[in-house]
Amino acid sequence: MTSRSRSTADRWRHRSAAVLAVAVIVAMVGAAGPGPSSASASAGSGAPAVGGPGSKLAPNPDPNPDPNPNPDPNPNPDPDPNPDPDPNPNPNPNPDPNPPTQTPDPVPDPANDPAAIAREQAAEAARQAAEAAREAAEKAAELAEAQRKVRLSWEKRGRPSRMIVIRSTRVDVVSNGNLDSQIPRVAGPVAVEALDKVLPASWMSVDGETARLTAAVVLTPGVTFELGGGSIKTLQLGGGDKPTEAAIVHTGGGKLVVRGITVTSANRDNGEPLAPTAKGRPYIVVSGNGSLRAEDAQFNDLGTIDTGNDDGHPAIVFNRNSTGKMARTSMAKNSIGLKLSRSQGVELDDVMVSESSGDGIVMQGDLKTVMTNVKVEKNGANGVLVTGDSTDRPIGGISTNDNKTYGVAVVGQTKPLVQGVNTTADRAGGLRISRSTEVTVRDFAATDQPIGVFTHVNSSAIVLDGLRMSGGRRGVVIEKSTKGLEVRGSTIEGARVAGVAVGGHNIQINDSRVADARTGVRIERGAGEVHVKGLTVDRGRDGVVATGGTTGVVIENIIANDVISDAVRTYSPGTKIIGGEISGGLTGIDVGAPTSITGTSIVVADEGIHSRSAELVHADQVNVDTVELGVNTAPGSPFLLTNSRVHALEAIRGAVEIRGETNDVGLPPLNLLGAVGVPLILLAFALELIHLTRQRKVGGGKRQTPPPLPAAT
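What counts, and at which threshold
- Residues numbered from 1 in each chain as written.
- Predicted model: local features only at pLDDT ≥ 70, side-chain atom pairs only at ≥ 80, totals over all residues.
- Heavy atoms only, no water.
- Helix = DSSP H or I, 4+ residues; strand = E, 2+ residues; numbered from the N terminus.
- Buried < 20%, exposed > 50% of the residue type's maximum accessible area, 1.4 Å probe, protein only.
- Contact = heavy atoms within 4.5 Å.
- Areas by Shrake-Rupley, 256 points an atom, 1.4 Å probe, with all protein chains shown as cover.
- Core = buried A, V, L, I, M, F, W, Y, C linked by side-chain atoms within 4.5 Å.
- pLDDT = per-residue confidence, 0-100.
- Salt bridge = Lys/Arg side-chain N within 4 Å of Asp/Glu carboxyl O.
- Expected span 1.5 Å × (residues − 1).

1. Looking at the overall build of the protein
Phase 1 of the analysis: A count of helices and strands for the protein gives 5 helices and 57 strands.
Phase 2 of the analysis: For the protein, the proportion of its 713 residues judged to be buried stands at 43%.
Phase 3 of the analysis: At a minimum sequence separation of 6, the contacts of the protein that also span at least 24 residues come to 41%.
Phase 4 of the analysis: About 35,300 Å² of surface is accessible on the protein, with carbon and sulfur atoms providing 54% of the total.

So this is what it looks like as C-alpha cells:
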C-alpha cells in the first residue's frame, strides 16, 4: 500500500470516529425526550436541544478533501499478502501538515433564547402548580382528619345537634356531626363571653348579666374554659325534650373553671328551667384527666333522671382519673346532684346539695376524696350513696337532713370508714349499711331518725364506735342477716321504740348508755350469741328484753336506774345475767325461761326477781333489797337461791329452794324501811293538807250555830 492510500485510510478512520460520536450524542438526546425535565436539564447545561436552533448533525468538512470522493469500502483492509521486501520503517514519511479537526458548536445564551425562556417559565408554573396541589391535598387531609375527629367526638357525646370543640388554637363549630367552620383563637383560657363573639346568635346570646348557650361544649387537653369572673352572672345551658338538644359541657382532658356564677338549664323555647323529666336537660361531665374547679357557684336544674331505659345523668359527674375542687358551692333541684365515679382526689369544701330528684351525692369507687362541711338536704333518695369499688377514702364531713330515704347509705363496700357524720330527721334513717364487711363507724350522730343505724343484707364485721343518738324511733337496728357487730362507747337517748334492736348473730353491746327509751336493748326472735356488757339504762320503760327464739344471750354488768317496768326481761333459754346493779322500777329481773343470775344487786324496786319459767332459774350471790317482794315465783316455776341476800317486806313468795349457809333472807333493813316510811309520812301529811284546804273552800271548817230553844209556855 502506498503512502497516499494509507493517508486516505487514516482520514476516513478519523471521520468515521467523529460520525460515530455525533450519532451517540443524538441517540442520547433523543432518548432523554422533549419533556420539561429534559428541557430544564438542557437549559441548565447550556447544550442546545435536539432539533433546535444551532443544532448540528455532522462535523465540519475536511479542508483538504480526498480527490476520491468514495471512501474505501474497507477502511481496515487485511494485511498485504505480498509485502514489500524492503518495508519502510517510517510508513508515513510525509504526514498531512493540516489534519482534519472538529470545530465545537457555539453555546447559545439562555437569556436570549425564547424557547429556553418558555421552557423555564413552564417548568416554574408546573412547580408552583405541584406545590399548590400538594398544599391543597395536605389541607384536604387535615380537614378530613378534623372531620373524622369531630365525628368521633360527636358520636361519643350523644350526637348533639349543635356542638363546639374548643382546641388550643381554634374553635370547631359542628352541626349535626358536620364540621361547619374552624375559627382561629389566641392561645390561653377561653371565657364564656368570648364565645358570644364567634358563635351564631342562635347558638349563643347575652342579655345583660345572663348568657344562654344552646350548643354542647367539648374541651380538648390543655384548654381552660372559664365561666364567671366577669360581667355574666348566670349561664343558661339550653335544652329541650330530646337528648340531642342538651347543651352538655364535657371537659375532655381540659379544665373547667366556674367562679361566682349560677349555671342552670333553660328551655330553648321559653327560657324556663327544664323539669327533671326532660330528656334533653343539660349536665356537666368532667372527663378522664380533666378537672373542674368551682368556687362561690351554683348549679341548678341540671341532669336527667333514670327512666328504666336510660340510667340518667347527674348534674355533675367526675369520671375516672378526673379531679377538681368545689368550695362554697350549692347544687339544687338536679337529678343526682354530684357523682364521683372513680375520680381522683376531688375536694368538697362547704358544699350544699339539696332537692335532687334522686340521691344527693353518689360516691362510686372514688379515690382520695376529701369532704369538709358537706350538707345534703331534702333529696329524693339518699343524701349520700356510697357504692361501686371499695377504696380507702373516709366517708365523713357530712351533715344530712330530711332526705327521703337515708342520710348516708353504704352498699357493697369492704373496709369503709364512716367518720364525722351528722344526720337529722331523714325519712328512713341516718345510716344504712348493706352488703358490706369490716365497716367502722365513728363519731356518728343521729337526731330524730326513724332508725339511727341500720345494718342488713349479709353485712358483717361492723364496729359502731361513739354513736350519739337522740329522739327518733330506733337507735340501732341490726337485721337478722348481720353477723359480727359491736356497739361500743355509744349514747342513745329518747328512742320511742328501742335504743338497740338486735336480730343478727355474734353481736356485742359494750360500755354504752341508753336513756329514756321504751326499751333499752331488744333482742329479737332469731338472734343469737348476743353479749351485752357494761350497758347503762336510765329511765325508760324496759331495760334489756330478750324474746323467745333467741339463744346465747349474756347480760353482764348492767346498770339500770329507775326503769319503770323491768330492768331485765328474758324469755331466751340459757340467758346469763352476770353482775350489774339495778335500782328502782317495778321489777328488777323478770325471767320466763331457764336463766342463771350471778352477782347482781337489785335495790329499791317493788319486786326483785320474778320467775315464771317452767325450767330452773338459779340465782347465786345476788343481793336483793326491795320494798314489797324479794323473790316471787309463779306456780310450777322451779327456783334455786344460793349464797344470796334477799330482804323485803315479803322476801320469798312461791316455791324457792334455798341452799348454802350464807343466805340471808328476811325483812328489809331499817334504813330501807325508813327510806320507805319517810315518804309515806310526807305523803300522808300532804293529803291531810289537801283535805283541810278543800274543807275551807266548801265551808266545812265553819262552826254551826245550834238551833234556838223553844219559848216557855
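2. Digging into the nonpolar core
Phase 1 of the analysis: Within the largest apolar cluster, 116 residues are counted, with the highest numbers of intra-cluster contacts made by F225, V258, F299, I316, M326 and L464.
Phase 2 of the analysis: For this core, the leading source of residues is strand β27 (residues 437-447), giving 4 residues.
Phase 3 of the analysis: Filtering out sequence-adjacent residues up to four positions away, V258 remains in contact with L227, V263, L292, R293, A294, E295, A297 and F299.
Phase 4 of the analysis: Formed by 9 residues, the second largest nonpolar core is a distinct cluster that contains M163, L179, A216 and V218.

3. Thoughts on the confidence of the model for the protein
Phase 1 of the analysis: When pLDDT is averaged along the protein, the result is 85, and 79% of the positions lie at 70 or above.
Phase 2 of the analysis: A low-confidence stretch, residues 12-93 stays under pLDDT 50, and its non-local contacts, those more than four residues away or across chains, total 45 contacts.
Phase 3 of the analysis: Here residues 698-706 is modelled with pLDDT under 50, and outside its nearest four sequence neighbours on either side it reaches 2 contacts, counting other chains as well.

4. With respect to the pattern of salt bridges
Phase 1 of the analysis: As enumerated under the stated definition, the model contains 28 salt bridges in all.
Phase 2 of the analysis: In this structure, D172 and R170 form a salt bridge, with 2.8 Å as the shortest nitrogen-oxygen distance.
Phase 3 of the analysis: For K325, the salt bridge is made with E347, and the minimal N-O distance between the two is 4.0 Å. Highlighted residues: K325 in strand β17 (residues 323-332) and E347 in strand β19 (residues 347-354), separated in sequence by 22 residues.
Phase 4 of the analysis: We classify K325 as partly exposed; its relative accessible area is 22%.
Phase 5 of the analysis: On the basis of relative accessible area, E347 is assigned to the partly exposed category, the value being 37%.
Phase 6 of the analysis: Here the salt bridges share partners, and the residues they tie into one network are E131, R134 and E138.

5. Some points on helix α3 (residues 114-156)
Phase 1 of the analysis: Spanning 43 residues, α3 covers 62 Å between terminal C-alpha atoms, matching the ideal 63 Å at 1.5 Å per step.
Phase 2 of the analysis: Along α3, the positions that sit buried rather than exposed are A116, A146, V150, S153 and W154.
Phase 3 of the analysis: Packed against the buried residues of α3 are β1 (162-166), β2 (170-175), β3 (178-184) and β7 (216-219).
Phase 4 of the analysis: G158 sits one or two positions beyond α3 and adopts a positive phi of about 85°.

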